[in-house]
Amino acid sequence: MAIRRKSTKSPPILSHEFVLQNHADIVSCVAMVFLLGLMFEISAKASIIFVTLQYNVTLPATEEQAAETASFYYYGIKDLATIFFYMLVAIIVHAIIQEYVLDKINRRMHFSKTKHSKFNESGQLSAFYLFSCIWGTFILVSENYISDPTILWRSYPPNLMTFQVKFFYISQLAYWFHTFPELYFQKTKKEDIPRQLVYIGLYLFHIAGAYLLNLNRLGLVLLVPHYFVEFLFHISRLFYFTDEKYQKGFSLWAVLFVLGRLLTLILSVLTVGFGLARAENQKLDFSTGNFNVLGVRIAVLASICITQAFMMWKFINFQLRRWREHSTFQTPTVKKKPTVTKGRSRKGTENGVNGTVTSNGADSPRNRKEKSS
């Protein structure tokens, strides 16, 4: 009788619903803890610090808004908790875009490892830049920053922010902080980590500086065109990966990149160098958030100018590398024709194809005579 062997495979102890497959599951569980904490009175006070914006101030109604009260916000140490929560939200959104959009495209296109990582980077950043650019443009229009440019330096310091302005800065800081753990989650190559740390640090330095120095108006005006230019670059790179003949987007990006650097320098010098320099109140006061002193203005202008110079230097190197690759790709390779002498050609015709000795050539009458002698 044949003995049936029992299967050595053990049944799964826990189903997929209870097993945490990746980092997105862990992060989503942590975020749900804060949301569920709002449902209970004991933990509601602690959860509110993470989920909602802090430091709310309600001002009395003005003559223009007789029936409504205006709510404004200022920044404080509790904003770190809010940034942490929305950093978790950014990680979850990052994983959703990666799994349901970018991974499906990668399976169809069959990219190499290098193109795969760059495609994922451009896909994530293009989605973020597009969303931030649309959101920032809506704030600029609603807050009348475009119609009245003098609002950038008039009535400084604007230590009170509207809800959408503060939430915009909280979201920006949360997104760029989430990129640090993503370097580990995405298994970034060691040689690419220093490059990414540089531009992540530059974003955090300038966005946090504008937020803490009450230059949120200037920072918002500078971020929107910069994000649009960066979106154009990454969306052009996505099209380039699908079709390497696509170069029109890079040409438009090159022009707008230079114009964006000039616009950043002009607005910065106009606001900090001329507008704030002529303000009456130029005393350092932490209680009111006034940082309009000479040292701070020089530091702000120096950091902006150095960053723009660094970006132009990287841009020029990038363009030179592209031109070299384009020129080497278009130069035709000239093949040298083999020179054949008359003697070799005769010998080749006598002895057969390409000078090889055939049976007819070996049995010629002349060779027979030499052998007999």
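About the thresholds
Residues numbered from 1 in each chain as written. Predicted model: local features only at pLDDT ≥ 70, side-chain atom pairs only at ≥ 80, totals over all residues. Heavy atoms only, no water. Helix = DSSP H or I, 4+ residues; strand = E, 2+ residues; numbered from the N terminus. Buried < 20%, exposed > 50% of the residue type's maximum accessible area, 1.4 Å probe, protein only. Contact = heavy atoms within 4.5 Å. Areas by Shrake-Rupley, 256 points an atom, 1.4 Å probe, with all protein chains shown as cover. Polar contact = N/O pair within 3.5 Å; in protein donor to acceptor, adjacent residues only side chain to side chain. UniProt positions renumbered as here; feature names shortened; annotations may be inferred. Expected span 1.5 Å × (residues − 1). Salt bridge = Lys/Arg side-chain N within 4 Å of Asp/Glu carboxyl O. Core = buried A, V, L, I, M, F, W, Y, C linked by side-chain atoms within 4.5 Å. Patch = residues over 30% accessible without salt bridge, like charges linked within 9 Å, V, L, I, M, F, W, Y side chains within 5 Å. Lys, Arg positive; Asp, Glu negative; His and termini not counted. Charge placed at Lys NZ, Arg CZ, Asp CG, Glu CD.

This next bit is on the overall build of the protein. Each helix and strand in the protein was counted, giving 12 helices and two strands. The linear arrangement of helices and strands in the protein, starting from the amino end, is α-α-β-β-α-α-α-α-α-α-α-α-α-α. Counting all 373 residues of the protein, 35% fall into the buried class. In the protein, the share of contacts with a sequence separation of at least 24, taken over all contacts with a separation of at least 6, comes to 71%. Element-wise, carbon and sulfur atoms account for 65% of the exposed surface of the protein, whose accessible area totals about 25000 Å².

Turning our eyes to something else, we now look at the side chain of Gln98. Its place among the elements puts Gln98 in helix α3 (residues 79-109). A distance of 3.2 Å separates the side chain of Gln98 from the side chain of Asn120, its partner in a polar contact. The residues contacting Gln98, other than those within four sequence positions of it, are Asp103, Asn120, Gln124 and Gln186.

Turning our eyes to something else, we now look at the UniProt feature "transmembrane region" (unreviewed entry) in the protein. Feature annotation in UniProt assigns "transmembrane region" (unreviewed entry) to the following positions: residues 26-51, 83-102, 123-147, 197-214, 220-240, 252-274 and 294-316. Counted over residues 252-274, helix gives 100% and strand 0%. Its end C-alpha atoms are 32 Å apart. End C-alpha to end C-alpha, residues 294-316 measures 33 Å, and it is 100% helix and 0% strand.

Turning next to helix α4 (residues 113-142). Over its 30 residues, α4 runs 44 Å from end to end, which matches the ideal 44 Å to within 8%, given 1.5 Å per residue. Of the residues trailing α4, Asn144 is marked for its positive phi of about 60°.

Structurally, Asn120 can be placed in helix α4. Contact partners of Asn120, with chain neighbours within four places excluded, come to Gln98, Leu102 and Asn106.

Moving on: the pattern of salt bridges. Between side chains of opposite charge, pairing is possible as soon as their charged atoms come close. Summed over the entire model, instances satisfying the criterion amount to four salt bridges. Here Arg237 ties to Glu121 by a salt bridge, and the two come within 3.7 Å at their closest N and O atoms. Of this pair, Arg237 sits in helix α7 (residues 216-242) while Glu121 is found in helix α4, placing the two residues 116 residues apart along the sequence. Both residues of the pair, Arg237 and Glu121, count as buried. Of the charged contacts in the structure, one is a salt bridge between Arg154 and Asp148, with a shortest N-O distance of 2.9 Å. The network of salt bridges with shared partners includes Glu121, Arg195 and Arg237.

The next subject is the nonpolar core. Counting residues in hydrophobic clusters, the biggest one holds 55 residues, and the most contacted among them are Tyr129, Tyr169, Trp176, Ile207 and Tyr227. Among the secondary structure elements, those contributing two or more residues to this core are α1 (23-37), α3, α4, α5 (163-185), α6 (193-212), α7, α8 (248-275) and α9 (294-330). Ignoring sequence-local partners within four residues, the contact set of Tyr129 consists of Trp176, Tyr203, Tyr227, Glu230, Phe231 and His234. Formed by 10 residues, the second largest nonpolar core is a distinct cluster that contains Val229, Phe233, Phe250 and Phe318.

Next up on the list: a positive patch on the surface. Positive charge collects at one region of the surface, where Lys113, Lys118, Lys189, Lys314 and Arg321 lie side by side. Inspection of the secondary structure assignment puts Lys113 in helix α4. Residue Lys113 is classed as exposed on the basis of its relative accessible area of 71%.

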